[in-house]
Amino acid sequence: MQEFGGLQAIEKPLVSLPHTLRNHILEHLQKVTQYEPVIGIMGKTGAGKSSLCNALFQGEVTPVSNVEPCTRDVLRFRLKSGTHSLMIVDLPGVGESEQRDDEYTALYRRILPELDLVLWVIKADDRALSVDEHFYRKVMLAYQHRVVFVVNQADKAEPCHEWNIIDSIPSPEQQLTIEAKRSAVQQLFLPHHPVCMVSARTGWRIEEMVETMMYSLPDRATSPLATQLHERLCSESVKKQAREGFGDAVGEVFDSAEAASFIPTPLKAVIRTVRDAVVSVARAVWDWIFF
């Protein structure tokens, strides 16, 4: 009921627009509120993709289907919480089979355009990254703004026996190893977004990773992703980012409508006025729609 009331509140300022335009905008606003983000996750076997997803998300996981008939290595999983959902696309790791390299290249080029974000998971103690680098430069550069590198299993960084189990934090010596790894990944890939250093098993720095994801996602994807996070990860700062992103995504609907060549100049002024009102209301009722 709260979500329905929130949507009604967003609709009210639209009454001053012509019927056809109002319906057009309303249809696109509904798509924004019901948007399902698509997150790709890739990494070599043993990098901890599953444990990372478990550390991030709480929604009920449902296997959907193989996304490509030519491979059994790419799967979709839908996470659902309430009326909102998130799609996880489990991508095959690179550098594990030269025979399948060409297949993987073609596969990624088909799938990448539909992904809102790619989490590229690397083991903290993985030193063989030359194949990863080659694949990244060959296939991923055009989509680098969608890639977040995640160095997982920081608790296994040397000297691994020094990990502080009680506080779930690295020792000073481990911290040096971890920072060296971050620097190495940064220099090797020159990523668009900050490299995330985490330990999914212990939860170390998962919160910082979530904030990086939120900043890296398109505006329309931030709110539905926030609904799938574990409650402890959905902090006030994360909610603020999602709320602002939702308002911006709503604003983009009006900007696209105003930019249409067939819209007369006087009506564009009305659209701008209605836009400001709807964006303000959208942010005010954000909690009703998403939580």
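Calculation criteria
- Residues numbered from 1 in each chain as written.
- Predicted model: local features only at pLDDT ≥ 70, side-chain atom pairs only at ≥ 80, totals over all residues.
- Heavy atoms only, no water.
- Helix = DSSP H or I, 4+ residues; strand = E, 2+ residues; numbered from the N terminus.
- Buried < 20%, exposed > 50% of the residue type's maximum accessible area, 1.4 Å probe, protein only.
- Contact = heavy atoms within 4.5 Å.
- Phe/Tyr/Trp six-rings, centres within 6.5 Å; stacked < 30°, edge-to-face > 60°.
- Lys NZ or Arg CZ within 6 Å of the ring centre and 35° of its normal.
- 1 Å grid on protein atoms, 1.4 Å probe; cavity = no way out; pocket = protein on both sides within 12 Å on 5 of 7 lines; lining within 4 Å.
- Points joined across faces, edges and corners; volume = space filled by probe spheres on them.
- Nonpolar A, V, L, I, M, F, W, Y, C, P; charged D, E, K, R; others polar.
- Core = buried A, V, L, I, M, F, W, Y, C linked by side-chain atoms within 4.5 Å.
- Domains from an automatic or database assignment.
- Buried area = accessible area lost by both parts, 1.4 Å probe.
- Salt bridge = Lys/Arg side-chain N within 4 Å of Asp/Glu carboxyl O.
- Polar contact = N/O pair within 3.5 Å; in protein donor to acceptor, adjacent residues only side chain to side chain.

You'll find the chain entered in an unreviewed UniProt entry as Small GTP-binding protein, with Photorhabdus khanii NC19 given as the organism.

Enquirer: Looking at this structure, how should I read the environment of L86?
Expert: Tracing the sequence through the fold places L86 in strand β4 (residues 84-90). Residue classification places L86 among the buried positions, given a relative accessible area of 0%. Along the chain, L86 and I25 lie 61 residues apart, while their C-alpha atoms are 24 Å from each other. With sequence-adjacent residues up to four places away left out, L86 is seen in contact with E36, P37, I39, F57, F77, R78, L79, L225 and Q228.

Enquirer: Would you mind showing me how to read the packing of aromatic side chains here?
Expert: For any two aromatic rings, the description comes down to two numbers: the centre-to-centre distance and the angle of the planes. Following the criterion strictly, the structure yields 11 aromatic pairs and no others. Ring centres of W120 and F189 lie 5.8 Å apart, and the angle between their planes is 50°; this geometry places the pair in the tilted category. Taken together, the residues span a long stretch of sequence, with W120 in strand β5 (residues 117-123) and F189 in helix α6 (residues 172-189) at a distance of 69 residues. Each member of the pair W120 and F189 is classed as buried. For the pair W163 and W204, a centre-to-centre distance of 5.9 Å together with 90° between the ring planes defines the contact as edge-to-face. Of this pair, W163 sits in the loop between β6 (147-152) and α6 while W204 sits in the loop between β7 (196-197) and α7 (206-216), and the two are 41 residues apart along the sequence. A single burial state applies to W163 and to W204, both of which are buried. Taken together through their ring pairs, the aromatic side chains of W120, Y136, F149 and F189 make up a single cluster. Note that K239 overlies the ring of F291, its terminal NZ or CZ placed 5.1 Å from the centroid.

Enquirer: Where do I start with the environment of V274 in this structure?
Expert: Residue placement: V274 occurs in helix α10 (residues 265-284). Under the relative-accessibility criterion, V274 is labelled buried at 5%. For the pair formed by V274 and P63, sequence separation is 211 residues and the distance between their alpha carbons is 41 Å. In contact with V274, other than residues within four places in its own chain, are P13, L14, S16, L17 and F254.

Enquirer: It is not clear to me how the side chain of S199 should be interpreted in this structure. Could you clarify?
Expert: Positionally, S199 belongs in the loop between β7 and α7. Under the relative-accessibility criterion, S199 is labelled buried at 0%. Leaving out residues up to four positions away in the same chain, S199 has contacts with N152, Q153, A154, D155, W163, W204 and I206.

Enquirer: Can you walk me through empty space enclosed by the protein in this structure?
Expert: The method is simple in principle: a probe with the dimensions of a water molecule rolls over the atoms, and the space it marks as empty is what remains. One pass over the structure, following the stated rule, counts 1 cavity of 30 Å³ or more. Here the largest cavity defines a volume of roughly 40 Å³. Around the largest cavity sit L7, I10, E11, L26, L29, Q30 and T33, which together line it. Those elements giving two or more residues to the lining of the largest cavity turn out to be α1 (2-11) and α2 (19-33). Take the lining of the largest cavity: its biggest share by element is 4 residues, from α2. Per-class residue counts for the lining of the largest cavity are 4 nonpolar, 2 polar and 1 charged.

Enquirer: Honestly, the nonpolar core in this entry has me stumped. Any pointers?
Expert: One recurring pattern in soluble globular proteins: nonpolar side chains tend to sit buried together. Of all hydrophobic cores here, the largest spans 60 residues; its most connected members are L52, L56, F57, L119 and F254. The leading source of residues in this core is helix α9 (residues 236-259), at 8 residues. Among the domains, domain 1 (1-33 + 239-290) and domain 2 (38-216) are the pair contributing at least three residues each to this core. Ignoring sequence-local partners within four residues, the contact set of F57 consists of L79, L86, I88, M213, L225, Q228, L229 and H230. Residues L129, V147, I178 and W204 belong to the second largest nonpolar core, which totals 35 residues.

Enquirer: Just to check I follow, could you spell out the domain arrangement of the chain for this structure?
Expert: By convention, interface size is frequently given as the accessible area that disappears when the constituent parts associate. When cut into domains, the chain gives domain 1 (1-33 + 239-290) and domain 2 (38-216). Each of domain 1 and domain 2 has a C-alpha centre, and these two points are 34 Å apart. Taken together, the contact between domain 1 and domain 2 spans 6 residues of the former and 5 residues of the latter. Taken together, the two surfaces of domain 1 and domain 2 that pack against each other cover about 430 Å², and 51% of this comes from carbon and sulfur. Remark: the boundary between domain 1 and domain 2 carries 0 salt bridges. Our count for the contact surface shared by domain 1 and domain 2 stands at 1 residue pair in polar contact (both at pLDDT 80 or more). Put simply, the parts of the chain that give the side of domain 1 that touches domain 2 at least two residues each are α9 and α11 (286-290). Per-class residue counts for the side of domain 1 that touches domain 2 are 3 nonpolar, 2 polar and 1 charged.

Enquirer: Just to check I follow, could you spell out the pattern of salt bridges for this structure?
Expert: Two side chains bearing opposite charge may form a pair once their charged atoms approach each other closely. Under the definition given, this model contains 19 salt bridges. Of the charged contacts, one joins E36 and R78 as a salt bridge, the two residues approaching to 2.6 Å between their closest N and O atoms. With E36 in the loop between α2 and β1 (38-42) and R78 in strand β3 (residues 75-81), the pair connects residues that are 42 residues apart, well separated along the chain. For R283, the salt bridge identified is with E244, shortest N-O distance 3.6 Å. Highlighted residues: R283 in helix α10 and E244 in helix α9, separated in sequence by 39 residues. What makes E244 partly exposed here is its relative accessible area of 36%.

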